[in-house]
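Read off the chains here:
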Amino acid sequence: MDTQEKQTFQVVASPSHHYSIWPGDMAPPKGWKPLGVYSLLEAEKLLPLESANGPSPQTFAKCAGKIVELLELPSGWNSHSAKPIAPLNASQAIQLLAEFLGPDTPAPLIVPRVQGGIQLEWHSGGINIEVYIDAPGKVSFYAEQAGMNEAVEAPLSGNESILGDWVNRIPLEIGYA
């Protein structure tokens, strides 16, 4: 049985009435209201087809499920001394996806970091974006347009609009979740 089939998911609503899917065992982002807990298939059926500005429910659910799966990694998951993924880092990653993914944004590649963090990556059309979640409040990103001598590396705090602009530039044809 697939891990997502065993998990429960919440249908949640933002203060501006955008709807999405959130892992059933995690509190939704601040200000979002839980509307019920369901299996993934039930939750997807209950959502409106598109939330005006938020992520695609299917993309968001797949990404959230992948992040929840990373929480199952044990100490030493890389055959060395990697730490397990910190639940607060998983929650932060899901919150960032809720904030930065639009309805047409492709899913990022989601990978564990050896110190217990999570990395979100997009690589397509010469655009490379990597978001490093090492602890809540310790989030940074790197973005570049290959061949254009255009790059930025910065902490996320205070630079949210810059990351948002980069994510909006990602070509639609990729998706890793």
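All values derive from a computational prediction rather than experimental measurement.

1. Digging into the overall build of the protein
Then, in step 1: Helix and strand content of the protein: five helices and eight strands.
Then, in step 2: Within the protein, residue pairs in contact and separated by at least 24 positions form 53% of the contacts whose partners lie at least 6 positions apart.

2. Structural notes on helix 4 (residues 87–100)
Then, in step 1: With 14 residues, helix 4 should reach 20 Å at 1.5 Å per residue; the first-to-last C-alpha distance of 20 Å fits that figure.
Then, in step 2: For helix 4, the tally of buried residues reaches 10 of 14 residues, placing the bulk of the element in the interior.
Then, in step 3: Restricting attention to buried positions, one finds in helix 4 the residues Asn89, Ala90, Ser91, Gln92, Ala93, Ile94, Leu96, Leu97, Ala98 and Phe100.

3. Some words on unusual backbone geometry
Negative phi values dominate among residues other than glycine, just as trans dominates among peptide bonds.
Then, in step 1: A positive phi angle, near 70 degrees, is found at Ser79, a position not held by glycine.
Then, in step 2: By relative accessible area, Ser79 is classed as exposed at 62%.
Then, in step 3: One non-glycine residue with positive phi stands out, namely Asn149, at about 55 degrees.
Then, in step 4: On the secondary structure map, Asn149 appears in the loop between strand 7 (138–145) and strand 8 (150–155).

4. With respect to the sheet that holds strand 7
Then, in step 1: The sheet built from five strands is open, its strands ordered 4-5-6-7-8 with antiparallel pairing. The open sheet has two edge strands with one neighbour each: strand 4 (109–112) and strand 8. Averaged over all pairs of adjacent strands, the angle between their axes in this sheet comes to 10 degrees, without regard to strand direction.
Then, in step 2: The pairing of strand 5 (residues 118–124) with strand 6 (residues 127–135) spans seven bridges and is classified as antiparallel. Paired with Leu120 across the strands is Val131, a residue of strand 6.
Then, in step 3: Across the sheet, helix 3 (residues 57–70) is in contact with strand 4 and strand 5; its angle to strand 4 comes to roughly 10 degrees.

5. Digging into the nonpolar core
Then, in step 1: Ranked by internal contacts, the top residues of the largest apolar core, which has 36 residues, are Ile67, Ile118, Leu120, Trp122, Ile129, Val131 and Leu163.
Then, in step 2: The element best represented in this core is helix 4, accounting for seven residues.
Then, in step 3: When residues no more than four places from it in sequence are discounted, the contact partners of Ile118 are Ile67, Leu70, Ile85, Asn89, Ala90, Ala93, Ile110, Val111, Arg113, Val131, Tyr132 and Ile133.

6. Remarks on the pattern of salt bridges
Then, in step 1: Applying the stated criterion to the full structure yields two salt bridges.
Then, in step 2: When the shortest N-O distance is used, the salt bridge between Asp134 and Arg113 registers 2.8 Å. Taken together, the residues span a long stretch of sequence, with Asp134 in strand 6 and Arg113 in the loop between strand 4 and strand 5 at a distance of 21 residues.
Then, in step 3: The exposure class of Asp134 is partly exposed, given its relative accessible area of 26%.
Then, in step 4: Between Arg169 and Glu150 there is a salt bridge; the shortest N-O distance is 3.1 Å. Of this pair, Arg169 sits in the segment after helix 5 (160–168) while Glu150 sits in strand 8, placing them 19 residues apart in sequence.
Then, in step 5: Judged by relative accessible area, which is 33%, Arg169 ranks as partly exposed.

Quick notes on the rules
- Residues numbered from 1 in each chain as written.
- Predicted model: local features only at pLDDT ≥ 70, side-chain atom pairs only at ≥ 80, totals over all residues.
- Heavy atoms only, no water.
- Helix = DSSP H or I, 4+ residues; strand = E, 2+ residues; numbered from the N terminus.
- Contact = heavy atoms within 4.5 Å.
- Expected span 1.5 Å × (residues − 1).
- Buried < 20%, exposed > 50% of the residue type's maximum accessible area, 1.4 Å probe, protein only.
- Pairing = 2+ DSSP bridges.
- Axes fitted to C-alpha atoms, helices over the stretch in contact; angles between N-to-C directions.
- Core = buried A, V, L, I, M, F, W, Y, C linked by side-chain atoms within 4.5 Å.
- Salt bridge = Lys/Arg side-chain N within 4 Å of Asp/Glu carboxyl O.

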